[in-house]
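Breakdown of the fold
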Amino acid sequence: MNKRALNIGLLYCIVVIIYKLIILLGGFTLTRFGFYYSNIVAIFMIIPFFVLAIREVREKDFGGIISGKDAVRMALTVLAVAAVVLSLYNYIEFNWKFRDIAVQYYNSPEYLKILNDWQVKSPDKVKIENFSTIINEQITALSAGKATTGKLFPLILIGLSGAFITAMIMKRGPKHHLN
């Protein structure tokens with residue numbers, strides 16, 4: 001494992017954890033951005049770190065020439081570090097604060113509105129008198145493992161495709177000159 005790529009992966013994790021803590025501790029978790037978009041933004045933040053890792057390794061370790069295979073390896077190192085560290089963070093975050101936030105959300109007027117809308121669309125499937133049962137089932141089903149996996153899967157999916165695309169764009173082989 002390349003030390004530069006490892007360090008850049010750790011730098012990405014630090015940036016994402018700070019970003020997530022700002023959302024969490026700032027009370028933005030249940031806002032529209034915090035709820036729907038903050039995780040995907042954190043995932044797409046990895047792309048500049050792929051570029052940085054490949055560029056650093058290419059220029060400082062490989063003398064300006066890097067194969068596609070080595071470029072992919074550097075980007076995947078960043079992704080592997082991110083997957084491990086951020087999974088650990090997401091697990092801790094869920095048990096620390098997010099379980100309580102989820103319980104707050106399931107008992108909120110916003111969630112009741114979602115249930116009401118669902119009931120209007122499917123009156124034969126969802127009964128108003130079952131709302132408390134649905135809410136209790138949602139709260140009972142809360143799991144740090146599920147939450148961590150739910151955030152890890154898109155990171156891996158976007159990270160793998162982003163790593164390969166970035167590596168192919170950033171690779172630089174020997175220049176051939178025609179004389």
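The notes below deal with the structure included here. What you see is a predicted model, and the numbers here were worked out from it, not measured in a lab. (Residues numbered from 1 in each chain as written. Predicted model: local features only at pLDDT ≥ 70, side-chain atom pairs only at ≥ 80, totals over all residues. Heavy atoms only, no water.)

Focus: helix α1 (residues 3-25)
Between its first and last C-alpha, α1 extends 32 Å over 23 residues, near the 33 Å set by a 1.5 Å rise per residue. Turning to α1, its buried residues number three or more, namely Ala5, Ile8, Gly9, Tyr12, Cys13, Val16, Tyr19, Lys20, Ile23 and Leu24. Where α1 is buried, its residues contact α2 (32-44), α3 (46-60), α4 (68-106) and α7 (144-170). For α1, the N-terminal cap is Asn2; the gap from its side-chain oxygen to the backbone nitrogen of Arg4 is 2.8 Å. (Helix = DSSP H or I, 4+ residues; strand = E, 2+ residues; numbered from the N terminus. Expected span 1.5 Å × (residues − 1). Buried < 20%, exposed > 50% of the residue type's maximum accessible area, 1.4 Å probe, protein only. Contact = heavy atoms within 4.5 Å. Polar contact = N/O pair within 3.5 Å; in protein donor to acceptor, adjacent residues only side chain to side chain.)

With respect to the environment of Leu160
For Leu160, the position within the fold is in helix α7. Its relative accessible area of 35% is what places Leu160 among the partly exposed residues. For the pair formed by Leu160 and Gln138, sequence separation is 22 residues and the distance between their alpha carbons is 31 Å. Leaving out residues up to four positions away in the same chain, Leu160 has contacts with Leu76, Leu79 and Leu155.

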